[in-house]
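Descriptive analysis of the structure
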Amino acid sequence: EVGFNINVSGDFSRNMQGTNATFAFQELPSLATTTHQLSIYFTDSEGYTVTAIIKVNGTSTPPPGTYPALNLTANGFNGDDPGTVTFLFGKDGGISHTSNLQGQGGLSILTTREGLLSGSLETPLVPSGTGSGNISVSGTFTAEPSP
């Protein structure tokens, strides 16, 4: 069943739950190290969103396994290695927090069946330009392809 339960804790805390769990592939420019990125979005009823972005080659869902978090600040989107994940957190389309400076945590894909993607995530995040304080996100999900 499509849905997610994500706990946000730290300087800002909330329990995010809902059924708006989707994923989509986006083609990357030719200068990127991979051909595509797989973005997984978890948005609750109040507009808070956790996004996990995995660098991939092609548009097939990655196999089950653990994908380590990558430091967005030091590496940028084009420097990401295949199989690494960048996390973003924010409200109403904004980004207030990004992957931890130490690159801790990651995303685990448990199963890919019938077009669904399920797994878990756990990582600390640090503030970006509009955020303040450190937070951690952890939880489970089952996401469906974006319409």
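All chains use their own residue numbering, which begins from 1 and follows the written sequence. Residue-level local features of this predicted model are given only where pLDDT is at least 70; pairs of side-chain atoms are given and counted only at 80 or more, and the full residue set underlies all totals for whole chains, interfaces and linings. Where side-chain values are given, they derive from all heavy atoms of the structure, hydrogens and water being excluded.

1. Looking at the pattern of salt bridges
What counts, and what does not: Salt bridges are identified by distance alone: a Lys or Arg side-chain nitrogen within 4 Å of an Asp or Glu carboxyl oxygen. Segments assigned H or I by DSSP are reported as helices when at least four residues long, segments assigned E as strands when at least two residues long, and all are numbered from the N terminus. Using a 1.4 Å probe on the protein chains alone, a residue whose accessible area is under 20% of its type maximum counts as buried, one over 50% counts as exposed, and one in between counts as partly exposed.
Tallied over the full model, the rule gives two salt bridges. The closest approach of N and O atoms between R14 and D44, which form a salt bridge, is 2.9 Å. Here the residue R14 occupies a position in strand β2 (residues 14-18), and D44 occupies one in the loop between β4 (36-43) and β5 (48-56), the gap between them amounting to 30 residues. You'll find R14 and D44 in the same group, each marked buried. Between E46 and R14 there is a salt bridge; the shortest N-O distance is 3.6 Å. With a gap of 32 residues between them, E46 in the loop between β4 and β5 and R14 in strand β2 connect regions that are remote in the sequence. When its relative accessible area of 46% is taken as the criterion, E46 is described as partly exposed. Overlapping salt bridges bring together R14, D44 and E46 as one network.

2. A short note on the nonpolar core
Spelled out, the test is: Only buried residues count toward a nonpolar core, which is a set of Ala, Val, Leu, Ile, Met, Phe, Trp, Tyr and Cys residues joined through side-chain atoms within 4.5 Å. We call two residues contacting when some pair of their heavy atoms lies within 4.5 Å.
The biggest cluster of nonpolar side chains holds 30 residues, and the ones touching the most others in it are I6, I40, F42, I54 and L107. For this core, the secondary structure elements donating two or more residues are β1 (3-10), β3 (21-27), β4, β5, β7 (85-91), β9 (106-113), β10 (116-127) and β11 (135-145). When residues in this core are grouped by element, the largest group, five residues, is from β5. Ignoring sequence-local partners within four residues, the contact set of I6 consists of R14, N15, M16, F42, V50, L121, V137, S138 and G139.

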